[in-house]
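Remarks on the overall topology
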Amino acid sequence: MLKFSIALTRRIIGKFLPQKSKKKIWQLWRRIRVVKDSIHAYLHDLSRFLRWSGIWRKYSNRVQLRAIITANFHGIEKGLSLKNPRPGFGSGHVYDLVSGLEKYQEEYGSDETTRYAINALIAYYQFNLIQGTDDRKLYEQISKLAEKCGKHCSAGGAKQVTRDNIHRASKRDLTGFFESRHSIRQFAADVDVDLKEIEKAVRMAQQTPSACNRQAWKVYVFSKDEDKKRILSLQKGSRGFGDQASKILVITTDLGNFLSIEERNQAWVDGGMFAMSLVYALHSLGLGTCCLHWCVRCEVDQELKKFAGITDAELVPMLVAVGHLPDEFMVAQSPRRDIKDMLVFK
Ligand SMILES: Cc1cc2nc3c(=O)[nH]c(=O)nc-3n(C[C@H](O)[C@H](O)[C@H](O)COP(=O)(O)O)c2cc1C
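Residues numbered from 1 in each chain as written. Predicted model: local features only at pLDDT ≥ 70, side-chain atom pairs only at ≥ 80, totals over all residues. Heavy atoms only, no water.

1. Overview of the overall build of the protein chain
Put simply, the rule reads: Runs of E in the DSSP output that reach at least two residues are strands. Runs of H or I that reach at least four are helices, and both are numbered from the N terminus. When we talk radius of gyration, it's over C-alpha atoms, and the globule rule is simply 2.2 Å times the number of residues to the 0.38. Residue exposure (1.4 Å probe, protein chains only): buried if accessible area is under 20% of the type maximum, exposed if over 50%, otherwise partly exposed. Whether two residues touch is decided by their heavy atoms; if any such pair falls within 4.5 Å, the residues are in contact. Reported accessibility uses the Shrake-Rupley method at a 1.4 Å probe radius. Residues are deemed covered only where the shown protein chains occlude them. Charged-residue counts in this description rest on Lys and Arg as positive and Asp and Glu as negative, His and the chain ends being excluded. Where a charge sits is defined by one atom per residue type, namely NZ (Lys), CZ (Arg), CG (Asp) or CD (Glu).
Summing up its helical and strand segments, the protein chain has 12 helices and 4 strands in all. For 346 residues, the compact-globule formula gives about 20 Å, and the C-alpha radius of gyration of the protein chain, at 26 Å, lies well above that figure. Expressed as lengths along the three principal axes of its C-alpha atoms, the size of the protein chain is roughly 90 × 50 × 50 Å. For the protein chain, buried positions account for 36% of its 346 residues. Contacts in the protein chain between residues at least 24 apart in sequence constitute 81% of all its contacts with a sequence separation of at least 6. Carbon and sulfur atoms make up 55% of the accessible area of the protein chain, which amounts to about 22,300 Å² in all. If the 55 positive side-chain charges of the protein chain are averaged to one point and the 38 negative ones to another, these points end up 9 Å apart.

2. A short note on the side chain of His44
Relative to the helices and strands, His44 is located in helix 2 (residues 19-52). Among all residues touching His44, those that are not within four sequence positions of it are Cys298 and Gln302.

3. Brief notes about the pattern of salt bridges
Which entries qualify depends on this criterion: Here, a salt bridge means any Lys or Arg side-chain nitrogen found within 4 Å of an Asp or Glu carboxyl oxygen.
In this structure the tally under the stated criterion is 14 salt bridges. Two residues, Lys103 and Glu107, come together in a salt bridge whose shortest N-O distance is 3.0 Å. Of this pair, Lys103 and Glu107 are both found in helix 4 (residues 91-108), 4 residues apart, which corresponds to roughly one turn of the helix. Looking at Lys103, the relative accessible area reads 28%, which means it is partly exposed. The structure contains a network of salt bridges with shared partners spanning Asp45, Arg48, Asp301 and Lys305.

4. Considerations on the nonpolar core
Under the convention used in this document: Residues grouped as a nonpolar core are buried Ala, Val, Leu, Ile, Met, Phe, Trp, Tyr and Cys residues, joined through side-chain atoms within 4.5 Å.
Residues Ile69, Ile76, Leu97, Leu101, Leu121 and Leu138 are the most contacted members of the largest nonpolar core, which totals 26 residues. Going through the elements one at a time, helix 3 (62-80), helix 4, helix 5 (112-130) and helix 6 (136-149) are the ones with two or more residues in this core. Counting residues per element, this core draws most heavily on helix 3, which supplies 8 residues. Other than its neighbours up to four places away in sequence, Leu138 contacts Val94, Tyr95, Val98, Leu121 and Tyr124. Phe187, Trp294, Leu304 and Val316 belong to the second largest nonpolar core, which has 20 residues in total.

5. Comments concerning unusual backbone geometry
Negative phi is the rule for most residues except glycine; trans is the rule for most peptide bonds. At Cys212, a position not held by glycine, the phi torsion is positive, near 50°. Structurally, Cys212 can be placed in the loop between helix 9 (195-205) and strand 1 (217-222). Exposure remark for Cys212: the relative accessible area of 28% places this residue in the partly exposed category. The backbone phi angle of Ser334 is positive, close to 40°, even though this residue is not glycine. Examined against the element boundaries, Ser334 turns out to sit in the segment after strand 4 (314-324).

6. Thoughts on the site of the ligand
Going by this rule: Distances are taken per atom, and a residue is near a molecule or strand as soon as one of its heavy atoms is within 4 Å of it. Polar contacts here mean pairs of N or O atoms no more than 3.5 Å apart (in protein, one a potential hydrogen donor and the other a potential acceptor; neighbouring residues in sequence count only if both atoms are side-chain atoms). Residues are sorted three ways: Asp, Glu, Lys and Arg are charged, Ala, Val, Leu, Ile, Met, Phe, Trp, Tyr, Cys and Pro are nonpolar, and all the rest, Gly among them, are polar.
Around the ligand, the structure places 14 residues, and the nearest of them are Ser183, Arg185, Gly237, His293 and Arg336. At 3.0 Å, a side-chain N or O of Gln235 approaches an oxygen atom of the ligand. Here an oxygen atom of the ligand sits 2.9 Å away from a polar atom, N or O, in the side chain of Arg336. Starting from 610 Å² of accessible surface for the ligand in isolation, the protein chains cover 67%. Here the residues of the shell around the ligand sort into 5 nonpolar, 6 polar and 3 charged.

What follows is the structure, given as structure tokens:
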């Protein structure tokens, strides 16, 4: 009925109005539609954020509770990595962390997050002990948590590093590395990318910085032709080459990791940074990649999630097509803007 009315109005306008007025009416119509669609999309994002983020601090699922634990033990690690940590710093966070850990162990048992957090607490206790404060209550709480934790590991707290070691591992001219990465839109036919290579690249990309080290990322790897085809049919930027990719990666970030309204865009930032690391990691392994936007309507986003088994709490910053490089092929030159346009020394 609505379609019919729109078509009728179009006809009437087309027949009786002069060209100039017609143009103005269409422009107005377009604007109304853009505003309507924007409101729909923003309301969708808002309700998703309110539903899935950790802003209510109810710790209603594992992701949210792990995020608050990670943010709190990160606060301890951060404090311990300062030049002159203040004795007893962050005591509010410490008690929050202890109660978060108790709840987590009760509901989900122990895992690497609880182990890292307990190690950070031990380091905090020892730091204060050296400063002359023996917090027995904290000691007992940590002992109880550690007892339940079982397995031990060494990660968590702060560690000593040297400039020499960092320079030995990092100082090299990477200009060629950066300049040789291109978006690849031709992949070697029928040569599969080994899943071990993907895993290796994801391990490297895990070193990406993230807000309070929350690492909200996930990577879904699709290898089957029918799955890749289905996903790419929802994405409009891979025509002519997507079908040659050996793997399609869907990168997501879970909103449960974000704990305040100020963090409403952080899932996109952390996801984008992770995606960039992953693309460079794959490049370092000699593989070709093409980032694929996920600029889609809410309904299409939901369709992908349903098909791929991605939860509604996750955002999709982008997809990445991955494949082996052919011997010789064309890439877009994609020249970069003049640096003067974008580098501002103040
Ligand atoms: C988030 C994002 C989404 C992109 N989406 C697409 C896409 O859908 N299809 C495509 O062919 N290229 C896509 N690209 C690749 C860009 O076109 C490309 O990075 C840019 O032109 C610079 O070229 P280069 O990557 O070869 O240096 C995307 C890049 C980014 C970062």
